[in-house]
Each structure stands twice: as C-alpha cells, then as structure tokens.
Amino acid sequence: QVQLQESGPGLVKPSLTLSLICTVSGGSITTNDYYWTWIRQPPGKGLEWIGRIAYTGETYYSPSLKSRTSISRDTSNNQFSLQLSSVTPEDTAVYYCAKYNGPETEHDYWGQGTQVTVSS
C-alpha cells in the first residue's frame with residue numbers, strides 16, 4: 001500500500017547540485033522503525049546505495065558519497081529529499097527512493113525511478 005514517487009529536474013549541469021524529492025503515500029515517514037532510502041543505478045551498472053533517513057530524522061550515507069550528500073525530510077508533506085552537490089557526468093543515473101524494512105527484507109517498496117543526466 002505504500003507508494004513512493006521521485007520528482008525533480010532531469011538534467012543538472014556539472015558542478016551544481018542535484019536535488020530530488022520523494023513523496024510518500026500510504027505510510028508515514030515518521031512511523032517507528034521505518035527508514036527511507038535513496039539508491040541510484042548508473043547506465044550499464046548495478047544499484048548503488050546513496051543513503052537513508054530514519055523515522056527519527058537520523059541520516060546515514062555511503063562513505064563514497066557522504067561528503068557531497070544531504071538527505072532531509074518534510075514531515076508535514078510526508079516527503080524526503082536528496083541533495084548531491086558538485087555533480088559530474090559520473091553522477092548520471094536513474095535515481096530511486098525506497099522504503100527500508102530491516103536487514104531481513106531490506107527494501108520492500110520502491111519508486112519508479114527518475115533519470116537524472118549531468119551534462120553541460
């Protein structure tokens with residue numbers, strides 16, 4: 001019953017900031033023990049975990065992206081956001097938001113994904 005929808009610009013210029021919003025319905029991002037994740041898939045490559053924000057607001061980031069990543073939330077609108085700064089063409093990917101259900105089931109609900117291209 002949980003649905004997630006990514007939104008944001010499909011093209012970002014190098015050195016600028018990639019900003020996406022995930023709108024969640026059918027479940028609250030503040031519900032205990034729910035975690036909300038950003039994942040991406042570059043063309044021809046596998047999935048890469050970017051980071052997540054917990055129901056408490058605590059954030060966790062991939063070590064390789066931590067210096068450039070910020071995940072935040074808007075509880076009033078049941079949304080969480082991704083900001084990835086100083087982007088390069090290597091950041092071109094399909095970006096997904098997803099709900100994390102713990103280590104046994106991992107991500108049980110996903111958004112459809114949104115293509116983001118980094119190009120001048």
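Look a little higher up for the structure.
K.L.:
Describe the pairing of strand β1 (residues 3-7), and please don't skip the residues or the numbers.
P.N.:
Here β1 shows a buried face lined by L4 and E6 and an unburied face lined by Q3, Q5 and S7. As paired strands, β1 and strand β3 (residues 18-25) are joined by five bridges and run antiparallel to one another. Counterpart to E6 in the pairing with β3 is C22.

K.L.:
Mind laying out the state of the cysteines, listing which residues take part and the relevant values?
P.N.:
Across all of its chains, the model carries one disulfide by this definition. The disulfide that involves C22 links it to C97, with 2.1 Å between the sulfurs. Sign of the S-S torsion, about 70° for the bond between C22 and C97, identifies this disulfide as right-handed. Within this pair, whereas C22 is found in strand β3, its partner C97 is found in strand β9 (residues 93-100), the two being separated by 75 residues in sequence.

K.L.:
I'd love a proper account of the sheet that holds β3, names of residues and values included.
P.N.:
Across the sheet, four strands lie side by side as β1-β3-β8-β7; this open sheet has antiparallel pairing. The outermost strands of the open sheet, each flanked by one partner alone, are β1 and β7 (69-74). The average undirected angle you get between the axes of adjacent strands in this sheet is 20°. Taken together, the six bridges between β7 and strand β8 (residues 79-84) define a ladder with antiparallel strand orientation. Bridging across to β8, D74 finds its partner in Q79.

K.L.:
Outline the environment of S28, supporting the account with residue identities and numerical values.
P.N.:
Position of S28 relative to the elements: it lies in the loop between β3 and β4 (35-41). Its relative accessible area of 28% is what places S28 among the partly exposed residues. For the pair formed by S28 and N78, sequence separation is 50 residues and the distance between their alpha carbons is 6.4 Å. Beyond its immediate sequence surroundings of up to four residues, S28 is in contact with Y34, W36 and N78. Among the polar contacts listed, one links the side chain of S28 to the side chain of T30, at a separation of 2.8 Å.

K.L.:
Residue-level account of the pattern of salt bridges, with values.
P.N.:
One pass over the structure, following the stated rule, counts four salt bridges. R40 serves as the salt-bridge partner of E48, at 2.8 Å between the closest nitrogen and oxygen. Judged by relative accessible area, E48 falls into the partly exposed class, the value being 24%. R40 gets classed as buried once you look at its relative accessible area, which sits at 5%. A salt bridge links D108 to K99, with the nearest nitrogen and oxygen atoms 3.2 Å apart. Classification of D108 as partly exposed rests on a relative accessible area of 32%. Residue K99 is classed as buried on the basis of its relative accessible area, which comes to 3%.

Criteria and thresholds
- Residues numbered from 1 in each chain as written.
- Predicted model: local features only at pLDDT ≥ 70, side-chain atom pairs only at ≥ 80, totals over all residues.
- Heavy atoms only, no water.
- Buried < 20%, exposed > 50% of the residue type's maximum accessible area, 1.4 Å probe, protein only.
- Helix = DSSP H or I, 4+ residues; strand = E, 2+ residues; numbered from the N terminus.
- Pairing = 2+ DSSP bridges.
- Disulfide = S-S within 2.5 Å.
- Axes fitted to C-alpha atoms, helices over the stretch in contact; angles between N-to-C directions.
- Contact = heavy atoms within 4.5 Å.
- Polar contact = N/O pair within 3.5 Å; in protein donor to acceptor, adjacent residues only side chain to side chain.
- Salt bridge = Lys/Arg side-chain N within 4 Å of Asp/Glu carboxyl O.

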